[in-house]
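# Chains, contacts and geometry: an overview
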Amino acid sequence: MSEIVGTVQGHRDGHGFVHADEGDATIWLSPQEMRAVMHRDRVRVRVMRFDRKGRPEGQVLDILERRKTPIIGRLLHEGGAWLVAPEDRRFGRDILVPAKAIGKAEPGQVVAVELTEAPSLNAQPVGRVIEVLGGIDDPGMEIEIAVRKYEVPHRFGDDVLAQAAKLPEKVRPVDKRGRIDISDVPLVTIDGEDARDFDDAVYCEPARIGRGKVPNGWRLIVAIADVSHYVKPDAPLDREAYERATSVYFPRRVIPMLPEKLSNGLCSLNPEVERLSMVCDMLVTGEGEIHAYQFFPAVIRSHARLTYTEVAAVLGNTRGPEALRRADLVPHLLHLHEVYRVLLKARSSRGAVDFETTETQIVCDENGRIAKIVPRTRTEAHRLIEEAMLAANVCSADFILRAKHPSLYRVHEGPTPEKRTLLKNYLKALGLGLTLGEELQPGDFQAIAQATKDRPDAAQIHTMLLRSMQQAIYTPANSGHFGLAYEAYTHFTSPIRRYPDLLVHRVIKALLGRNRYGLKLPPVQSSVGNFKRKGGQGGLTRGLPVAPVKGAKIKLPPEEAIAWETAGIHCSANERRADEASRDVEAWLKCMFMRERLGEEYGGTVSAATSFGLFVQLDGLYVEGLVHITELGGEYYRFDEARQELRGERSGVRYGVGARVRVQVSRVDLDARKIDFRLVREDGGATPRTQQGQAGSGRTGRKGRSANEYSAQDELSEIQELDRQVRRGARDARTGSKAERHPAAEAGGRGGKPAAGKKAPSRKSARNKR
């Protein structure tokens, strides 16, 4: 059988996978094989057999490299032994800690542990505590856990801080050489109220295009902070910026890509101070087409720091108090709104996908816990800035493409054949008379969205359209942006917080100087878990699609080609890591938020239907949880993939995306970041499963109290007792006979929720109670 070298990817259920360094091979490892290895180990495996679906199963032959980064977990004292239960359940096994190696840590605290003895088939891994993060309920603990769990670099090295300290406090005369001074142009920054760094400023005025005597278009100026002037290749700042690749945003905290002196100081376009910038100066026609553009390095002075709320108020009422306070800027803001309207019209004409989705914002209290979750309102001011940034990004991509210079493009591929087929079947099952060709175009999506916007299931249809698309990536191979309907697109507008933007700035500067930018990647101290090396130089990351090339492929020396490819993979993978860490923190906060609401009932909407249950988003709270399939009632529910719904075979009851339900918060698992719901009737009565005649389903035996005197917690206690009776009955049934289990009970929850009757390990139960 063939032998393969790759990286272990653990699974919370005990098994694992090996992702090959070369190619796309994935080898399954049994729980027994995983006893000797850990998540992120590099191993050599042999393919021993294939399962019924043709998937390879492997045996570990050799462990080539053990992971060296600390593991984050909670310190437990059970049965006289000290254990660390990892926060990342992909490690699968607890780590044994000798009593003399726990330092000053106390039971229940979150610690970082370093392995001193590797695991084996017959022995647990052994480690020692190297850092105590604090108590599990300490403010900000969720962020401390996330940055270490996902290995997000969060401390700047001494050499990085030393270099940042040597930078000037303000723009010097020597910094202005070779730049155009447009400090008299009334550029303004428009950001959220809580923004601390301002990396873009905008200005617009009417302009004549062609030989006409009256303005028939607009001059739109987008000025972006010139980070590349201060962050030079091969310098400590550049190495650190590349390793991070992006800033990571959490509620109440940001892990920046660059030190604060740059991100909030020299490279932040603060009002009424001179700043260095790269400017994209565009002429936009009355039809929203970019007639001409130019790039140049400049010195600017922001004339005001405006907020989205303030600008939206000015645009809504030019005689209101906000407009009176900014009277000198109102004409320029109106011109920005006019150019936004024509750019928006052009977006619609080219068929760009534009769905209205509800984004939420977590509002925390002084202790870092959720005070409330509110919808984030997108105003005309948000869209205005968005269209201006899109225009600058398109111009930068066009400029680089015309020069045939290598760079990183922001590529968004259309649906895969599998997703295209699923979408077609879904629309057909709904009876929509909309035909989709073999090669889907962005306009097809927009046409479907427009045709279904007034239907009661519009949100469900739009959700399916979004899910059918692929994830955007950074790559040197340009294949356009499907969602925005652009032939070429890149990121130019946020070099403070995105390393690809910094590379684009360097390329544009080199082209303006009639030079070439030779990319040499700095060494990376830590890499994302799914980053795969190829001959020590970097290779494809598993799960990131390879973008086909549009137009002539640029011929590059092999080393340079590998460098650009590796940079795209690294930045894409780090972007995913940042998103995962942010989602992990949000999930933690939501679990803490809902832990105080156990037993309470809420109305909600089904946001997704799967083979193992329904995901429901609660009204007003914007929190999502799972109604497991075993909670839907005493019958078999079949998942209809075409309609994306669960249907009861006996009753015909259907649950699909967009369905209205009423649920009760039944369980919160902080360790797994999961919230479980139980379905209840609209009148607040018993659950569907209780209605099927389960033991103890009646409302008698409540010490004579009337139904309206019982709290939701009383109801939950009764339901928990019912669950215990069901589990006892299931154990008795298994002991007495080998009756076939109900198919619904075999379905796993998110990552494998145990079916009713399965006893959880005692340590896990104790941890869940904590």
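Residues numbered from 1 in each chain as written. Predicted model: local features only at pLDDT ≥ 70, side-chain atom pairs only at ≥ 80, totals over all residues. Heavy atoms only, no water.

In this section: the overall build of the protein. Along the protein, the regular secondary structure elements total 18 helices and 31 strands. Looking at the protein alone, contacts between residues at least 24 apart form 67% of all its contacts between residues at least 6 apart. (Helix = DSSP H or I, 4+ residues; strand = E, 2+ residues; numbered from the N terminus. Contact = heavy atoms within 4.5 Å.)

One can find Glu310 in helix H6 (residues 308-316). In the structure, Glu310 is positioned 119 residues away from Asp191 in sequence and 9.8 Å away in space, judged by C-alpha atoms. Sequence-distant contacts of Glu310, that is, excluding residues within four places in its chain, are made with Arg305, Glu322 and Arg326.

Counting residues in each nonpolar core, the largest one holds 92 residues, and the members touching the most others are Leu187, Ile190, Val202, Leu220, Val222, Leu262 and Phe492. The biggest single contributor to this core is helix H9 (residues 380-403), with ten residues. Counting 50 residues, the second-largest nonpolar core is a separate cluster that includes Ile72, Trp588, Met594 and Ile629. (Core = buried A, V, L, I, M, F, W, Y, C linked by side-chain atoms within 4.5 Å. Buried < 20%, exposed > 50% of the residue type's maximum accessible area, 1.4 Å probe, protein only.)

Looking now at helix H11 (residues 442-452). Pro442, Phe445, Gln446, Ile448, Ala449 and Thr452 are the residues of H11 that are buried. Within H11, the buried residues cover an arc of 160° as seen down the axis, which keeps them to one side. Close packing links the buried residues of H11 with helix H10 (417-429) and helix H12 (458-467). (Arc of directions from axis to C-beta.)

Inspection of every chain in the model, using the stated rule, returns seven cavities of 30 Å³ or more. As a volume, the largest cavity reaches approximately 80 Å³. As for the largest cavity, its lining consists of Arg67, Thr69, Pro70, Ile71, Ile72, Glu87, Asp88, Phe91, Arg148, Lys149 and Glu151. Elements with a contribution of two residues or more to the lining of the largest cavity: strand E6 (71-78) and helix H2 (141-149). Its residues assigned to classes, the lining of the largest cavity shows four nonpolar, one polar and six charged. (1 Å grid on protein atoms, 1.4 Å probe; cavity = no way out; pocket = protein on both sides within 12 Å on 5 of 7 lines; lining within 4 Å. Points joined across faces, edges and corners; volume = space filled by probe spheres on them. Nonpolar A, V, L, I, M, F, W, Y, C, P; charged D, E, K, R; others polar.)

Given 3.6 residues per helical turn, the α-helix brings residues three or four places apart onto the same face. Within H12, burial applies to Ala458, Gln460, Ile461, His462, Met464 and Leu465. Contact partners of the buried residues in H12: H10 and H11.

Attention shifts here to the pairing of strand E27 (residues 637-640). As judged from the four bridges shared by E27 and strand E28 (residues 645-648), these two strands associate in the antiparallel manner. By the bridge assignment for E28, Tyr637 is matched with Gly648. Between E27 and E28, which pair antiparallel one after the other, the connecting turn spans four residues, and Gln644 there sits at a positive phi close to 55°. (Pairing = 2+ DSSP bridges.)

On to the packing of helix H3 (residues 158-166) against helix H4 (residues 236-244), then. Relative to each other, H3 and H4 sit at 125°, their axes nearing to 8 Å. Considering the angle they form, H3 stands oblique to H4. Crossing handedness for the pair H3 and H4: left-handed. Side by side, H3 and H4 meet where Asp159, Val160 and Gln163 of the first sit next to Pro236, Leu237, Arg239 and Glu240 of the second. Taken together, the residues of the contact of H3 with H4 break down into three nonpolar, one polar and three charged. (Axes fitted to C-alpha atoms, helices over the stretch in contact; angles between N-to-C directions. Parallel < 35°, antiparallel > 145°, perpendicular 65-115°, else oblique. Left-handed = near helix turned anticlockwise from the far one by under 90°.)

This paragraph deals with the side chain of His19. Tracing the chain through its elements places His19 in strand E2 (residues 16-20). Polar side-chain contacts of His19 include one of 3.4 Å to the side chain of Thr26. (Polar contact = N/O pair within 3.5 Å; in protein donor to acceptor, adjacent residues only side chain to side chain.)

Here we take up the pairing of strand E30 (residues 660-669). Most of E30 is tucked away: seven of the ten residues are buried. With five bridges connecting them, strand E24 (residues 601-610) and E30 associate as antiparallel partners. When the sheet's bridge partners are listed, Gly604 is paired in E30 with Val661. Bridging between E30 and strand E31 (residues 674-680) involves seven bridges; their strand directions are antiparallel. Among the inter-strand pairings, Val668 is bridged to a residue of E31, identified as Ile675. Following E30, the chain reverses through four residues before pairing antiparallel with E31; Arg673 in that reversal takes a positive phi of roughly 60°.

In this section: the packing of aromatic side chains. If you walk through the whole model with that rule in mind, you get nine aromatic pairs. Plain terms: the ring middles of Tyr486 and Tyr489 are 5.6 Å apart, the flat faces sit at 10° to each other, and that makes the pair stacked. Just as Tyr486 is buried, Tyr489 falls in that class too. Seen from their ring centres, Tyr637 and Tyr655 are 6.1 Å apart, and the 45° between their planes marks the pair as tilted. Here Tyr637 is found in strand E27, whereas its partner Tyr655 is found in strand E29 (residues 654-656), with 18 residues between them in sequence. Owing to a relative accessible area of 13%, Tyr655 belongs among the buried residues under this scheme. The rings of Tyr293, Phe295, Phe399 and Phe492 are connected pair by pair, giving a single aromatic cluster. One cation-aromatic arrangement involves Arg244 over Phe156; the distance from NZ or CZ to the ring centre is 3.8 Å. Looking at Arg597, its charged tip hangs above the ring of Phe593, at a distance of 3.9 Å from the centre. (Phe/Tyr/Trp six-rings, centres within 6.5 Å; stacked < 30°, edge-to-face > 60°. Lys NZ or Arg CZ within 6 Å of the ring centre and 35° of its normal.)

Before going further, it helps to examine the state of the cysteines. Under the defined criterion, the tally for this structure stands at zero disulfides. Cys280 provides the cysteine sulfur closest to Cys395, a residue in no disulfide bond, and the two sulfurs are 4.2 Å apart. For Cys395, a relative accessible area of 1% gives the class buried. (Disulfide = S-S within 2.5 Å.)

Here the focus is the side chain of Thr630. Examined against the element boundaries, Thr630 turns out to sit in the loop between strand E26 (624-628) and E27. Owing to a relative accessible area of 14%, Thr630 belongs among the buried residues under this scheme. A distance of 2.8 Å separates polar atoms of two side chains, one belonging to Thr630 and the other to His628.

In total, this model carries 49 salt bridges according to the counting rule given. Here Glu151 and Arg40 are joined by a salt bridge, their closest N and O atoms 3.0 Å apart. You can see Glu151 sitting in the loop between H2 and H3 and its partner Arg40 sitting in the loop between helix H1 (31-34) and strand E4 (42-50), a full 111 residues away along the chain. For Arg40, a relative accessible area of 21% puts it in the partly exposed group. Linked by salt bridges that have partners in common, Glu131, Glu144, Arg148, Arg155 and Arg253 make up one network. (Salt bridge = Lys/Arg side-chain N within 4 Å of Asp/Glu carboxyl O.)

Time to look at the confidence of the model for the protein. In low-pLDDT segments, the atomic positions of the prediction should not be examined closely. The share of residues in the protein with pLDDT of 70 or more is 84%, and the mean pLDDT across the chain is 83. When the criterion is pLDDT under 50, residues 736-770 qualifies, and its contacts beyond four places in sequence or with other chains add up to 63 contacts. (pLDDT = per-residue confidence, 0-100.)

Taking strand neighbours across the sheet as the criterion, the five strands line up as E11-E18-E17-E14-E13 in an open arrangement whose pairing is mixed. In this open sheet, the two strands that pair with only one neighbour each are strand E11 (180-181) and strand E13 (200-207). In terms of strand pairing, E13 meets strand E14 (residues 217-225) through eight bridges, oriented antiparallel. What sits directly across from Cys204, in E14, is Leu220. The strands that helix H8 (residues 330-350) touches are E13, E14 and strand E17 (274-285); relative to E13, the one it contacts most, it runs at about 85°.

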